[in-house]
Amino acid sequence: MEMRKPPPRPEPGLIGLNIANPSELFHAFDPSPLVSRDLNDEVEQYILESALEAPRSHYQLVLHAPSGTIDAPEVAQIPDAIRQYFHYKLEVYEMHLRLAMQDGRRSLLTGVLFLLACWGLGLIAMDFVPEPYGDFFREGFLIIGWVANWKPIHFFLYERQPLLRRRKILRSLSEMDIEIRPAVSATAPGRVPHPETINRMPGTSEP
């Protein structure tokens, strides 16, 4: 029996970042150990926005720093620290997502029950209110019932997918490959020598 080869893994989404010193990746005044330290807000926003702009199943972060700054012992902990940070962000986000989904299901159930009540009131109006007012009240109750369902319907139709997509990207970032490479001196500031890399430095604009 011929064994089929597994399909090749798709190329990762490359995110490149030039830094003057690896320590600037994290909050300077955070007293926590490196692996538990929070990322700098600009760095976090840059990585997350880069991933959202080009969604992939997995990512590779390439950090370019001056060669004299990447030999320190703590630099080897940076990949684990970044992944651990996004893993923490994923856990917090999943908690909020679960609450949002619970609220959405609860709102939908309440809306459906309210719609049924409005439908029943409309039938009662048809029996006890003379025409043409009975039909007017029946239509009015149905409209009110459907309007009450707009918010939960809008959530499940339009808001749910972006939330799930963001969760997927956070999970990918918590598992991404991370490399720290010496910066190339000939490279312009804020750029990374890779044609497929998202290479804008946080806080700067493209030249």
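Everything below is about the structure shown above.
Model, not experiment: these values are computed from the prediction.

Conventions used here
- Residues numbered from 1 in each chain as written.
- Predicted model: local features only at pLDDT ≥ 70, side-chain atom pairs only at ≥ 80, totals over all residues.
- Heavy atoms only, no water.
- Phe/Tyr/Trp six-rings, centres within 6.5 Å; stacked < 30°, edge-to-face > 60°.
- Helix = DSSP H or I, 4+ residues; strand = E, 2+ residues; numbered from the N terminus.
- Expected span 1.5 Å × (residues − 1).
- Buried < 20%, exposed > 50% of the residue type's maximum accessible area, 1.4 Å probe, protein only.
- Contact = heavy atoms within 4.5 Å.
- Polar contact = N/O pair within 3.5 Å; in protein donor to acceptor, adjacent residues only side chain to side chain.
- Pairing = 2+ DSSP bridges.
- Axes fitted to C-alpha atoms, helices over the stretch in contact; angles between N-to-C directions.
- Parallel < 35°, antiparallel > 145°, perpendicular 65-115°, else oblique.
- Left-handed = near helix turned anticlockwise from the far one by under 90°.
- Nonpolar A, V, L, I, M, F, W, Y, C, P; charged D, E, K, R; others polar.

S.K.: Would you mind going over the packing of aromatic side chains with me for this structure?
M.R.: Counting across every chain of the model gives three aromatic pairs. Look at Phe155 and Phe156: their rings are 5.1 Å apart centre to centre, the planes differ by 85°, and that puts the pair in the edge-to-face class.

S.K.: I tried to follow helix α1 (residues 41–53) on my own but got confused; where do I start?
M.R.: Each full turn of the α-helix corresponds to 3.6 residues, which orients residues three or four apart in the same direction. The end-to-end C-alpha distance of α1 is 18 Å, a good match for the 18 Å that 13 residues give at a rise of 1.5 Å each. Those residues of α1 that fall on the buried side of the exposure criterion are Val43, Glu44, Tyr46, Ile47, Leu48, Ser50 and Ala51. Looking at the packing, one finds that the buried side of α1 touches β1 (13–18), β2 (59–65), α2 (78–128) and α4 (150–173). In this structure Asn40 caps α1, since a side-chain oxygen of it lies 2.8 Å from the backbone nitrogen of Glu42.

S.K.: Would you mind showing me how to read the pairing of β1 here?
M.R.: Note on strand geometry: in a regular strand, side chains alternate between the two faces of the sheet. Among the six residues that make up β1, six are buried, leaving the element largely enclosed by the rest of the structure. Residues Gly13, Ile15 and Leu17 line one face of β1 and the alternating positions Leu14, Gly16 and Asn18 line the opposite face, and both faces are buried. Examined bridge by bridge, β1 and β2 share six bridges and lie parallel to one another. By the bridge assignment for β2, Gly13 is matched with Tyr59.

S.K.: Could you clarify how one ought to interpret the packing of α1 against α4 in this entry?
M.R.: When two helices pack together, their arrangement is given by the angle between their axes and by how far apart the axes lie. Direction vectors running N to C along α1 and α4 enclose 120°, while the axes themselves pass 10 Å from each other. Between α1 and α4, the interaxial angle falls into the category oblique. Note that α1 runs across α4; the crossing there is right-handed. Contact with α1, carried on its side by Ile47, Leu48, Ala51 and Leu52, involves Arg166, Ile169, Leu170 and Leu173 of α4 and no other residues of that element. Classifying every residue of the contact of α1 with α4 gives seven nonpolar, no polar and one charged.

Purely geometric stuff here, so don't read any function into it on its own.
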